[in-house]
Amino acid sequence: MGSAITGWGEALPDHVVTNDDFAARLDTSDEWIVARTGIRQRRMGGTTSELAIDAGRAALKVADLDGADIDLLVLATTTPDQTIPATSSAVHDALGCRGGAFDLNAACAGFVYALVTADSLLHAGHHRALVIGSETLSKVTDQDDRSTAVLFGDGAAAIVLEAGARDELVLAYDLGVDGAATPLLYADHGGYIHMEGREVFRRAVRAELESIENVLSRAGVRPDDIALFVPHQANVRIIEAVNQRVGLSMERTALVLERTGNTSAASIPLALAEAADAGRVAEGDLVLLSGFGAGMTWASAVIRWGRRGLPR
Ligand code: COA
C-alpha cells in the first residue's frame, strides 16, 4: 500500500521587506543582495504556530479534508514559539486534528526529514498526516547584521499525506548530518544566528551533490527523469552550482527565494506548493526534493507525484 500528497498550501506574512529597506539603514545594496543571493524581498511577521495553522488549513482545503481526518501532525521548525511545549501542540489544537503531534528540528533539511518520517508512520498504520514546515527566522536574526539579516524570512507551507494509494510516494531518500560542523551555523537560546557564510556555502554544495547522487542512484533514476527539482531556497548560486554539476536544468527547478528569502524548513514546501498550484507537476511525475542546513543536516528524496488508487 502506497501513499500520496493530496493537499498543499502556504502562509506568508503580509509585511514585505525589500532589499532597499535594508539598504536604507545598513551598509548594503539591492545590487549586492541580488547578485550574491538571488533574493529580492522576504516576508516578516506572525508566530510559527499562526503561520503553521494557516498553511495547514490551506493544505486541508486542497485535500478536501477536515482537521479531524488527520491522525498525525509533524511540524518541522527550527524556530518554535516556546522552548516548552512543542509548537505542534497549538497547531494540532487549532486545526482539530486527532492522533499525535510533534516538532522536528533538522533545520533547513527539516521538511524532507518530516516527510520521510510521516510517510514511514503511514506505512506503520496511520491514515492521514499533515506535514508542515513553519519558521519565524526574523526573530533569531540580528536585523542590524548585514551578513545575515538580508538572507532570512518568515513563512510556512504544508502538505497532506494520505495512505492507500497504489504507488509508493517516496521512491528513495537520503538523510544525513555532520555534527562536527555545528559551529559554522547556530543560534544559542535567546541569541541570534551566527553563520560562516562562505564555508556553509561550500559545504552546502558538496552535501547536496552527494545526497542527490545517493538518492537518484537508490531510486534507479537519472537526472533527466526528474520532472521537477525542489531545492532548499537559501541562495540561487548554491542551486545553480548543484544543478550544473548534477545536470538538472533551472527550467525544471522550483524557485521562490527571490520573494521569500531563506525560510529554512518552510522553503521546500513553499516552493513545492507554488509549483503544484502552477500546475508544474502531473500524475506520475518524479519530483526531487533536497535540503541542507544547520547541524549540518541534509536530506533528499525522490517522490512520485499523483494519487492513483486513492478511493476519493
Ligand atoms: N551587503 C554587502 N556586503 C556584504 C553583505 C551585504 N548584505 N554581507 C556580507 N557582505 C560583505 C562581507 O562583509 C565581505 O566583505 P569583506 O570581503 O570586506 O570581508 C564580502 O561581502 C564578501 O563576503 P562573503 O561572505 O565572501 O560573500 P559570499 O559571496 O560568500 O556571499 C553569503 C555571502 C552569505 C550570501 C554566502 O556565503 C551564502 O549564501 N552562504 C551560504 C548561506 C546559507 O545558505 N545559509 C543557510 C544555510 S541553510
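Residues numbered from 1 in each chain as written. Predicted model: local features only at pLDDT ≥ 70, side-chain atom pairs only at ≥ 80, totals over all residues. Heavy atoms only, no water.

Trainee: I keep staring at the packing of helix α3 (residues 48-63) against helix α4 (residues 88-95) and nothing clicks. Help me out?
Mentor: To characterise two packed helices, one gives the angle between the axes of the helices and the distance between these axes. It is the contact of α3 with α4, at a shortest axis distance of 9 Å, that shows an interaxial angle of 40°. Between α3 and α4, the crossing angle belongs to the class labelled oblique. The handedness of the crossing between α3 and α4 is right-handed. Contacts between α3 and α4 involve S49, A52, I53, G56 and R57 on the former and, on the latter, A90, V91, A94 and L95. Residues that form the contact of α3 with α4 fall into these classes: 6 nonpolar, 2 polar and 1 charged. (Axes fitted to C-alpha atoms, helices over the stretch in contact; angles between N-to-C directions. Helix = DSSP H or I, 4+ residues; strand = E, 2+ residues; numbered from the N terminus. Parallel < 35°, antiparallel > 145°, perpendicular 65-115°, else oblique. Left-handed = near helix turned anticlockwise from the far one by under 90°. Contact = heavy atoms within 4.5 Å. Nonpolar A, V, L, I, M, F, W, Y, C, P; charged D, E, K, R; others polar.)

Trainee: Before we go on, may I ask you to explain the site of the ligand in this structure?
Mentor: Around the ligand, 24 residues are found, and the nearest of them are T28, R36, G197, R198 and N235. A distance of 2.9 Å separates a nitrogen atom of the ligand from a polar atom in the backbone of G197. A distance of 3.5 Å separates an oxygen atom of the ligand from a polar atom in the side chain of R237. Those elements giving two or more residues to the shell around the ligand turn out to be α2 (30-37), α6 (146-149), α7 (197-219), α8 (236-246) and β12 (286-293). A per-element tally of the shell around the ligand places α7 first, with 4 residues. Counted by class, the shell around the ligand contains 11 nonpolar, 8 polar and 5 charged residues. When residues of the shell around the ligand are assigned to domains, at least three fall in each of domain 1 (2-165) and domain 2 (170-304). (Near = heavy atom within 4 Å. Polar contact = N/O pair within 3.5 Å; in protein donor to acceptor, adjacent residues only side chain to side chain. Domains from an automatic or database assignment.)

Trainee: What should I look at first to understand the sheet that holds strand β8 (residues 170-177) in this one?
Mentor: Adjacent strands of a sheet pair through backbone hydrogen bonds, lying either parallel or antiparallel. Pairing in this open sheet of 4 strands is mixed, and the strands run β8-β13-β12-β11 from one edge to the other. Either end of the sheet is taken by a strand with one partner, and the two such strands are β8 and β11 (226-231). In this sheet, adjacent strand axes meet at a mean angle of 10° when their direction is disregarded. Pairing of β12 with strand β13 (residues 297-304), which is carried by 8 bridges, proceeds in the antiparallel orientation. Across the sheet, G291 pairs through a bridge with A299, a residue of β13. Lying on the sheet, helix α10 (residues 267-277) is in contact with β11 and β12; it crosses β11 at an angle near 140°. (Pairing = 2+ DSSP bridges.)

Trainee: Is there a simple way to think about the confidence of the model for the protein chain in this case?
Mentor: Caution is warranted with low-pLDDT regions, since their predicted coordinates should not be read in detail. Per-residue pLDDT for the protein chain averages 97, and the proportion of residues at 70 or more is 100%. Taken element by element, the protein chain is modelled with least confidence in α7, mean pLDDT 97, and with most confidence in strand β4 (residues 72-76), mean pLDDT 99. (pLDDT = per-residue confidence, 0-100.)

Trainee: Quick question: what am I supposed to make of the domain arrangement of the protein chain here?
Mentor: Many analyses report the size of an interface as the accessible area lost when the parts associate. Each domain of the protein chain was delimited in the assignment, giving domain 1 (2-165) and domain 2 (170-304). Placing the centre of domain 1 and that of domain 2 at their C-alpha centroids yields a distance of 15 Å. If you look at the interface, domain 1 gives 47 residues, while domain 2 gives 44 residues. Both sides together, the interface formed by domain 1 and domain 2 hides about 3600 Å², and carbon and sulfur atoms give 68% of it. For the domain 1 face of the interface with domain 2, the top three residues by lost area are C108, V112 and Y113, together amounting to 17%. Run the count over domain 1 and domain 2 and you get 1 salt bridge. A salt bridge links E258 to R40; its shortest N-O distance comes to 2.7 Å. Scanning the region where domain 1 abuts domain 2 turns up 16 residue pairs in polar contact (both at pLDDT 80 or more). Listing elements by their share of the side of domain 1 that touches domain 2, those giving two or more residues are β1 (2-11), α2, β3 (41-43), α5 (110-123), β6 (128-136), α6 and β7 (154-165). Looking at the side of domain 1 that touches domain 2 element by element, the count peaks at 7 residues for α5. Across the side of domain 1 that touches domain 2, the residue classes break down as 22 nonpolar, 15 polar and 10 charged. (Buried area = accessible area lost by both parts, 1.4 Å probe. Salt bridge = Lys/Arg side-chain N within 4 Å of Asp/Glu carboxyl O.)

Trainee: I keep staring at the pattern of salt bridges and nothing clicks. Help me out?
Mentor: Should their charged atoms come close, side chains of opposite charge can pair. Tallied over the entire structure, the rule returns 11 salt bridges. Measuring nitrogen to oxygen at the nearest pair gives 2.9 Å for the salt bridge that ties R203 to E199. With R203 and E199 both in helix α7, this residue pair falls 4 residues apart, about one helical turn. We classify R203 as partly exposed; its relative accessible area is 23%. Using a relative accessible area of 22% as the deciding quantity, one classes E199 as partly exposed. Look at the salt bridges and you will find they share partners, linking D178, E199, R202 and R203 into a network. (Buried < 20%, exposed > 50% of the residue type's maximum accessible area, 1.4 Å probe, protein only.)

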